[in-house]
Amino acid sequence: YDDIRKLFADQPYARHNNLTASHFSFNIAGGRCEECQGEGVIKVGMQFMADVELTCESCGGKRFKDEILEVRYHGYSIYDILELTVDAAIELFAAHQNEDPVNRRIIEKLRTLQDVGLGYIKLGQSSSTLSGGELQRLKLASHLGSENGIFMIDEPTDGLHISDVKKIIDLFDELTEAGNSVFLIEHNLDVIAAADHIIELGPGAGKSGGRIIFEGTPEEMAASEESVTGKYLRG
């Protein structure tokens, strides 16, 4: 978001009106709507029920003052940009990447979100609206490029489309090739088949589980008679 704010501060209208990058932040006074403190909503406390959120009448839920919303980047206001999905934002900035080195930095960061299957989330989406799995992948995206680290991840493919599962597997390969260790709790057969080493617990769930029934490579698991998962992995 720092680079996006710099991009908007460099637009002609912003320069003419002496607007700086900080004016395009909804976290500090200056450019944000002061009625809702940049939240876009007004919270109304209810005595016996959960609080109610109402769209801010001053900014119409757009979080910024009118003067800030007048600044445009190829027809988009800062609010419009924050409403874009990661996939749509990459398309926009890629179309103008030769105009400014900032565009290329923005694209590089956004592509890490694509790599972990989060291309559908909005740039301005609150982290409190994300699921546990989405937060996990968001955290993973922030660590791309790490070396000699240890990652312990629970069900990273939960809810993902098969094409995104492939992206996640490629990402884990990238992390391990950089010298990181990645430990997964996972049931997805594609991920299991791509693992270097597997520890299978079972033979069932709850009171019927808790024992190590197999340990080894995917190839060894597929050939094992003791493994419950092996017969499904053979295909």
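Below: a short report on this structure. (Residues numbered from 1 in each chain as written. Predicted model: local features only at pLDDT ≥ 70, side-chain atom pairs only at ≥ 80, totals over all residues. Heavy atoms only, no water.)

### Quick word on the packing of aromatic side chains
A complete count under the given rule lists five aromatic pairs for this structure. Aromatic side chains Phe 8 and Tyr 73 sit 6.3 Å apart centroid to centroid with 50 degrees between the ring planes, which places their arrangement in the tilted category. A residue pair is termed long-range when its members are at least 10 positions apart, and Phe 8 in helix α1 (residues 2–9) and Tyr 73 in the loop between α3 (66–69) and α4 (78–83) qualify at 65 residues. The class of Phe 8 is buried, set by a relative accessible area of 0%. With a relative accessible area of 2%, Tyr 73 lands in the buried category. Each ring, one from Phe 26 and one from Phe 64, has its centre 6.2 Å from the other, and the planes form 65 degrees; the classification is edge-to-face. Here the residue Phe 26 occupies a position in the loop between α2 (12–16) and β1 (41–44), and Phe 64 occupies one in the loop between β2 (52–55) and α3, the gap between them amounting to 38 residues. Across this residue pair, the class does not change: Phe 26 and Phe 64 are buried. Members of the aromatic cluster, joined through ring pairs, are Phe 8, Phe 24, Tyr 73 and Phe 93. (Phe/Tyr/Trp six-rings, centres within 6.5 Å; stacked < 30°, edge-to-face > 60°. Helix = DSSP H or I, 4+ residues; strand = E, 2+ residues; numbered from the N terminus. Buried < 20%, exposed > 50% of the residue type's maximum accessible area, 1.4 Å probe, protein only.)

### Describing helix α7 (residues 132–142)
The complete set of buried residues in α7 reads Glu 134, Arg 137, Leu 140 and Ala 141. Buried residues of α7, viewed axially, fall in a sector of 120 degrees; they line one side. The exposed residues of α7 that point more than 90 degrees off its buried face are Gly 132, Lys 139 and Ser 142. Tucked into the core, α7 has its buried residues touching α6 (101–115), β3 (150–154) and α8 (162–177). (Arc of directions from axis to C-beta. Contact = heavy atoms within 4.5 Å.)

### Describing the side chain of Ser 77
Structurally, the position occupied by Ser 77 is in the loop between α3 and α4. Here Ser 77 falls in the buried class, since its relative accessible area comes to 3%. Residues in contact with Ser 77, not counting those within four places in the same chain, are Phe 8, Leu 69, Val 71 and Arg 72.

### A short note on the pairing of β3
Burial along β3 is one-sided: the residues Phe 151 and Ile 153 are buried and none of Ile 150, Met 152 and Asp 154 is. Judged from the five bridges that link them, β3 and strand β4 (residues 181–185) form a sheet pairing that is parallel. Bridged to Ile 150 within β4 is Ser 181. In this fold, the crossover linking β3 to β4 by way of α8 has right-handed handedness. (Pairing = 2+ DSSP bridges. Right-handed = clockwise from strand over helix to strand, strands pointing away.)

### Looking at the pattern of salt bridges
Inspection of the entire model under this criterion finds nine salt bridges. The salt bridge partner of Asp 3 is Arg 105, with a shortest N-O separation of 2.9 Å. Remark: Arg 105 occurs in helix α6 and Asp 3 occurs in helix α1; sequence separation between them is 102 residues. Since its relative accessible area comes to 35%, Arg 105 is described here as partly exposed. Residue Asp 3 pairs with Lys 109 through a salt bridge whose shortest N-O separation is 3.7 Å. With Asp 3 in helix α1 and Lys 109 in helix α6, this residue pair connects regions lying 106 residues apart in the sequence. Residue classification places Asp 3 among the buried residues on the basis of a relative accessible area of 8%. (Salt bridge = Lys/Arg side-chain N within 4 Å of Asp/Glu carboxyl O.)

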